[in-house]
Amino acid sequence: PAEARSLTEATRDYGKTISRTIQAQLFYPEKARAARMQGTVVMRLQVNRRGELLRYRIEESSGHALLDEAASEMLRRASPFPPMPD
């Protein structure tokens, strides 16, 4: 049905908006850069309709506490997010 497709597209578009908002806060801690730390942090987050960050957790660690904390800080700085579309 068209409504289901529309909802799926809106959900995907809002997810992209959240991702861009978070990416705008991306930073690499100087200590991590100096130590040549690398890694990817996978996070799960929950946002209410107003765009307020309700909770988040690290699903997969980078293997470096410094990078994990930087990712958490990046998420907190990005909040609040744009409100969800109707």
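What comes next concerns the included structure. (Residues numbered from 1 in each chain as written. Predicted model: local features only at pLDDT ≥ 70, side-chain atom pairs only at ≥ 80, totals over all residues. Heavy atoms only, no water.)

### A closer look at the environment of Asp-13
And then number 1: For Asp-13, the location among the structural elements is in helix α1 (residues 2–23).
And then number 2: A residue is classified by how much of its surface remains accessible, and Asp-13, at 45% relative accessible area, is partly exposed. (Helix = DSSP H or I, 4+ residues; strand = E, 2+ residues; numbered from the N terminus. Buried < 20%, exposed > 50% of the residue type's maximum accessible area, 1.4 Å probe, protein only.)

### Quick look at the side chain of Asn-48
And then number 1: Its place among the elements puts Asn-48 in the loop between β1 (42–47) and β2 (53–60).
And then number 2: One polar contact links the side chain of Asn-48 to the main-chain amide nitrogen of Arg-50, over a distance of 3.0 Å.
And then number 3: A distance of 2.6 Å separates the side chain of Asn-48 from the side chain of Glu-52, its partner in a polar contact.
And then number 4: The residues contacting Asn-48, other than those within four sequence positions of it, are Leu-54 and Met-84. (Polar contact = N/O pair within 3.5 Å; in protein donor to acceptor, adjacent residues only side chain to side chain. Contact = heavy atoms within 4.5 Å.)

### Notes on unusual backbone geometry
And then number 1: Residue Pro-80 is reached from Ser-79 by a cis peptide bond, and omega for that bond is 5°.
And then number 2: Of note, Pro-80 is situated in the segment after α3 (65–78).

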